[in-house]
Amino acid sequence: MRHPTRPTTLRPISMGLIGLALSTLTISAAAVPASATAHHSIRYASVDACTAKDGTERPCHTWRLDLLDGRRVALKDAMLWPINAKGKVDKSTSAPLTVSGDGESVAYFRKSDHRLVVREFHGGVHVMPKTPLPRGIGMDSVWLDMSQDGSRLALAYTDDDGTTRGRLFDVARASVTGTIPKSGGFSGFSGDGSAVLLQRDATANTIGLAVHDDTGAELAAAVPPQIVANNGPWALSADDRTVAFVTGSGKKAALRFYDVKTDQTTGSVRFTLPGDTSPDMIDWTGEHEVTVHVSESGGPRDVVTVLRIDTQTGKTRVRDRYKVRAGTFTYQSCGG
């Protein structure tokens, strides 16, 4: 699951993703908010699970995109299985794929030539420069992330020693803007996509946070207090310094803020999380808005709730709530 996640000439929707393949989606009307039925954006991407001869579950068939309007698209040109460092197909896991926060773009490795591409939902495909991975690194060590509006793309990978590195791309120009410097993990793009938030290993088993621009240059870094370090995931605001994170659960949940430049916590607002959940994803989706994804996995199908939280008042509304399809090996929700 995604923790879990963007300009070209637009073509008619029938010639964009819908033109790849479309199958009827059986879904209850209650699962699709009335406000969403007029939209064709991506809700989440998923891969089916099949049982191998040895009894293990493996990804099978093809990546599919479930849409807000209830339809389902088969993304047939996306790689299903990754190629490992030895050049062999690894059928035990799924190839990297991610959906932009606005649900309008999807990034993946193309089956025909293994190129990294970004496909806009309403048409248009951006082919990124060839991105050969370092010797000893396979696609199974790679993950992808996109900015809220799909204008920026990150390809990150983990070395054998656990270090994260990678590249940053301008999607419209299909060009590399910079590199992801050596870090302890990639936490995501800022609200406007102009910067990224990275994790760093610090002393005494603590976590450091660093902000870098889209060239990879450092803008700010600090070792935050434990209340920040112990409560990921974190989201970076468009101001390139304010980090949002959540503490507590249920009616005792709080959305808190931390300034990386001053190394100070800067306030909080109370809100309510459903059940005993904690955030899987958190993104800045406005100057005064944070969007949080939570999933409940007690039953046969995960239930995902998407909350929009006013960062000044804590007022919360449910943007979406849905059940992930049964028999899914993995899924990637859109971000904010």
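S.K.: Please clarify how the environment of G103 should be interpreted in this entry.
M.R.: Tracing the sequence through the fold places G103 in the loop between β5 (97-99) and β6 (105-109). When its relative accessible area of 0% is taken as the criterion, G103 is described as buried. Here the alpha-carbon distance between G103 and Y44, two residues 59 residues apart in the chain, equals 8.1 Å.

S.K.: Looking at this structure, I do not really get unusual backbone geometry. What am I missing?
M.R.: Most peptide bonds take the trans configuration, and most residues that are not glycine carry a negative phi. The residue after G232, namely P233, is reached through a cis peptide bond having omega 5°. For P233, the position within the fold is in the loop between α1 (226-229) and β17 (235-236). A positive phi angle, close to 65°, is found at D240, a residue other than glycine. By the secondary structure assignment, D240 is in the loop between β17 and β18 (242-247).

S.K.: Sorry if this is basic, but what is going on with the pairing of strand β25 (residues 328-333) here?
M.R.: Look at any regular strand and the pattern is simple: side chains alternate between the two faces of the sheet. A large share of β25 lies buried, amounting to five of its six residues. Pairing of strand β2 (residues 42-51) with β25, which is carried by five bridges, proceeds in the antiparallel orientation. Residue pairing across strands places V47 opposite T330, the latter belonging to β25.

S.K.: Would you mind showing me how to read the pattern of salt bridges here?
M.R.: Two side chains with opposite charge may pair up if their charged atoms get near one another. Evaluated as defined, the whole model comprises 16 salt bridges. Measuring nitrogen to oxygen at the nearest pair gives 3.1 Å for the salt bridge that ties R64 to D48. Placement of the pair is R64 in strand β3 (residues 57-67) and D48 in strand β2, with a sequence separation of 16 residues. For R64, a relative accessible area of 19% puts it in the buried group. Here R119 and D77 are joined by a salt bridge, their closest N and O atoms 3.0 Å apart. On the criterion of sequence distance, the pair formed by R119 in strand β7 (residues 116-120) and D77 in the loop between β4 (72-74) and β5 is long-range, its members being 42 residues apart. D77 carries the same exposure label as R119, and that label is buried. Each of R152, D170, R173 and D214 takes part in a single network of salt bridges with overlapping partners.

S.K.: I'm lost on the side chain of T242 in this one. Help?
M.R.: On the secondary structure map, T242 appears in strand β18. Engagement of the side chain of T242 in a polar contact is seen with the side chain of D239, the distance being 2.6 Å. Those residues within four positions of T242 in sequence are excluded, and the remaining contacts are A235, L236, S237, F257, Y258 and W284.

Scoring rules and cut-offs
- Residues numbered from 1 in each chain as written.
- Predicted model: local features only at pLDDT ≥ 70, side-chain atom pairs only at ≥ 80, totals over all residues.
- Heavy atoms only, no water.
- Helix = DSSP H or I, 4+ residues; strand = E, 2+ residues; numbered from the N terminus.
- Buried < 20%, exposed > 50% of the residue type's maximum accessible area, 1.4 Å probe, protein only.
- Pairing = 2+ DSSP bridges.
- Salt bridge = Lys/Arg side-chain N within 4 Å of Asp/Glu carboxyl O.
- Polar contact = N/O pair within 3.5 Å; in protein donor to acceptor, adjacent residues only side chain to side chain.
- Contact = heavy atoms within 4.5 Å.

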